[in-house]
Amino acid sequence: MEDFAGRWIAGNDRHTTTTIEIKIVDDHLVVCAIDGSSGELAEIQGLTYGNEEVRFAAQWSSGQTSTYRLLLSDGRLVVHVTLSRTDYFKRDLNADGTQRWRSGILHIAPGSSAGGSLRRAIRSSGRTDDVISFRDDLSCGPIDSQESSARARWWASMYDEYDVDFDGFWKQIMSTSDRLVVWVGRHSAREHAFFLALVDRLGDRPYDIIDVTGLQMPLTRPDGKPRLSTPVQAVSLMSETELALLFGTERAMTSQEREVAARRWLSLKSENAPFRIVADSGLVSAPVDVFDELLLERASKDWRKVARVIAETMGHNMEPYIQVGDLMLLTRIVALVDQGKLMAHGDPWLMRQCEVRLPD
C-alpha cells in the first residue's frame, strides 16, 4: 500500500490532465484528484484499495463522474479512467528526490488567458499551487440575478455553442479549504467586474489579493540595459515570467476595501446596465450603444472584414483602460447592421467572413 503514496502527475504535462495525490493517514489511504485545467478537487467516492490496486470514483462539480483504477508498473502509476483510457503517471519529486505535495494554495485567475499564464508560471517556478479560472465576463450583460444559470442562459441566447459551467467555479471557491489568492487588474473592465463580484460573494472569508494595476515590471532593452514596462492594465496581458515575479507579494484585503468593493457591486447590480466600463472613478455602468461610435469610426465606405473593424476598435480602445472584448463588439456590429448604420456583405455574425461598410 505504501508504494502508491505520492503526488502523481502526467508524464508530459501535469496541467493537461488530473493530478492524483495519495497519502497514508492513520494506516488509511487518502486520495485527492485534482483537475489540471481548473484546479478543482473532486469528491472521492467508493474508495477501495489493497497492495495491488486502488479504485475510486471522482465526482466533479459539473456532475461528471470518472472512475479510476490505479496499478503500479516499473515505478509508474498506470491509470485506467472510466474503462476507456489509460494514462501513465510519474511521481512528482523535488530536485533532491523527496516527495512534492500540493501546496494548498488556490489562485483565482480573472479569465482563461490569465489562468493559463499563471499555470505556466507556477510550473516554471517549481510550485505545486492550483489555479481556477473565472470564465464569465461580467462587464457585459445582466447581473441582477445571483444564479449563474441566468448568465449561462444569457450567453446561450447570443451564441448557440456557448456552454460554460459557471456554477462549478462558485461551488469550488466557496467550499474549498485552500488559501485563496485572487489576481486582478482593475484597468480591465472584465477583470474589475470579476473582482467586485468575487469580493461580494466571498464576504468575510479570508483571502489575499495580488493587484497588478499600474505595476511596472523589469525588462531588458535590446542593448542589454534594464528598463521598466509600461504600467500593467490586466493580468491577462502579463507573461508567465512577469507573473512568477509576483508570487509571495499577495496581501490581505482590508475591511474597508471589502466594504467599498461590495457596495460598488451592489450599486452596479441594481443599475443592471448592458455594459460596465472603467472610468477614473472605478467601474461604472454604460448604455448598450457605448461602443457604437468607436465601431463606426473604424468602418469606411469600402468593404472591410468585420474582424478587422473589431480588432482596430479594440486596438484604439485599450488606453488607458481595456473596456470590451471581441464577442460583445460583434453583437454591436450586428445591431448596427440591423439599424442600417452599417451595410453587410454576408452574415455579420461570421466576423472572419463577412464584410461591412458605411452606407452611401
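Definitions and cut-offs
Residues numbered from 1 in each chain as written. Predicted model: local features only at pLDDT ≥ 70, side-chain atom pairs only at ≥ 80, totals over all residues. Heavy atoms only, no water. 1 Å grid on protein atoms, 1.4 Å probe; cavity = no way out; pocket = protein on both sides within 12 Å on 5 of 7 lines; lining within 4 Å. Points joined across faces, edges and corners; volume = space filled by probe spheres on them. Helix = DSSP H or I, 4+ residues; strand = E, 2+ residues; numbered from the N terminus. Nonpolar A, V, L, I, M, F, W, Y, C, P; charged D, E, K, R; others polar. Buried < 20%, exposed > 50% of the residue type's maximum accessible area, 1.4 Å probe, protein only. Arc of directions from axis to C-beta. Contact = heavy atoms within 4.5 Å. Patch = residues over 30% accessible without salt bridge, like charges linked within 9 Å, V, L, I, M, F, W, Y side chains within 5 Å. Areas by Shrake-Rupley, 256 points an atom, 1.4 Å probe, with all protein chains shown as cover. Salt bridge = Lys/Arg side-chain N within 4 Å of Asp/Glu carboxyl O. Lys, Arg positive; Asp, Glu negative; His and termini not counted. Charge placed at Lys NZ, Arg CZ, Asp CG, Glu CD. Pairing = 2+ DSSP bridges. Axes fitted to C-alpha atoms, helices over the stretch in contact; angles between N-to-C directions.

1. Some points on empty space enclosed by the protein
Take a probe with the size of a water molecule and roll it over the atoms, and the empty space left behind shows itself.
Reasoning step 1: Across all of its chains, the model carries 2 cavities of 30 Å³ or more by this definition.
Reasoning step 2: Its boundaries defined by the atoms lining it, the largest cavity holds a volume of some 190 Å³.
Reasoning step 3: The wall of the largest cavity is formed by 17 residues, among which Leu138, Ser145, Arg151, Trp170 and Arg201 lie closest to the centre.
Reasoning step 4: Looking at the lining of the largest cavity, the elements with two or more residues in it are α2 (148–158), α3 (166–175), α4 (189–202) and α6 (255–271).
Reasoning step 5: The biggest single contributor to the lining of the largest cavity is α4, with 3 residues.
Reasoning step 6: Looking at the lining of the largest cavity residue by residue, the class counts come to 8 nonpolar, 3 polar and 6 charged.

2. Focus on unusual backbone geometry
Reasoning step 1: Although it is not a glycine, aspartate 27 sits at a positive phi angle of roughly 65°.
Reasoning step 2: Following the sequence through the fold, aspartate 27 ends up in the loop between β2 (19–25) and β3 (28–34).
Reasoning step 3: Of note in this structure, asparagine 272 is not a glycine but carries a positive phi near 50°.
Reasoning step 4: Within the secondary structure, asparagine 272 sits in the loop between α6 and β16 (275–279).
Reasoning step 5: According to the relative accessible area criterion, asparagine 272 is partly exposed, its value standing at 26%.

3. Some thoughts on helix α8 (residues 306–315)
Reasoning step 1: Residues of α8 that are buried include every one of Val306, Val309, Ile310, Glu312 and Thr313, and no others. All buried residues of α8 lie within an arc of 165° about the axis, which places them on one face of the element.
Reasoning step 2: For α8, the secondary structure elements touched by its buried residues are α7 (292–298), β18 (304–305), α9 (326–338) and β20 (355–357).

4. Some points on a negative patch on the surface
Reasoning step 1: Negative charge collects at one region of the surface, where Glu2, Asp3, Asp26 and Asp27 lie side by side.
Reasoning step 2: Overall, glutamate 2 belongs to the exposed group, its relative accessible area being 55%.

5. Quick word on α3
Working note: α-helix, 3.6 residues per turn, so residues spaced by three or four point in the same direction.
Reasoning step 1: Turning to α3, its buried residues are Phe166, Gly168, Phe169, Trp170, Gln172 and Ile173.
Reasoning step 2: Elements that come into contact with the buried residues of α3 comprise β9 (105–109), β10 (130–133), α2, β11 (179–184) and α4.

6. As for the pattern of salt bridges
Reasoning step 1: This model, assessed by the stated rule, comprises 20 salt bridges.
Reasoning step 2: Close ionic contact of arginine 55 with glutamate 53 constitutes a salt bridge, the shortest N to O distance being 2.7 Å.
Reasoning step 3: Owing to a relative accessible area of 23%, glutamate 53 belongs among the partly exposed residues under this scheme.
Reasoning step 4: Its salt-bridge partner being arginine 251, residue glutamate 257 comes within 2.9 Å of it at the nearest N-O pair.
Reasoning step 5: Within the structure, one salt-bridge network assembled from shared partners comprises Arg7, Glu21, Asp92 and Arg100.

7. Side note on the sheet that holds strand β15 (residues 251–252)
Reasoning step 1: Across the sheet, which stays open at both edges, the 5 strands sit in the order β10-β9-β11-β12-β15 with mixed pairing between neighbours. Both edges of this open sheet fall to β10 and β15, since each of them pairs with a single strand only.
Reasoning step 2: Relative to β11, β9 runs parallel, the two being bridged by 4 bridges. Residue leucine 106 lies in a different strand from β11, and its bridge partner there is leucine 180.
Reasoning step 3: Across the face of the sheet, α4 comes into contact with β9, β11 and β12 (208–211) while running at roughly 150° to β11.

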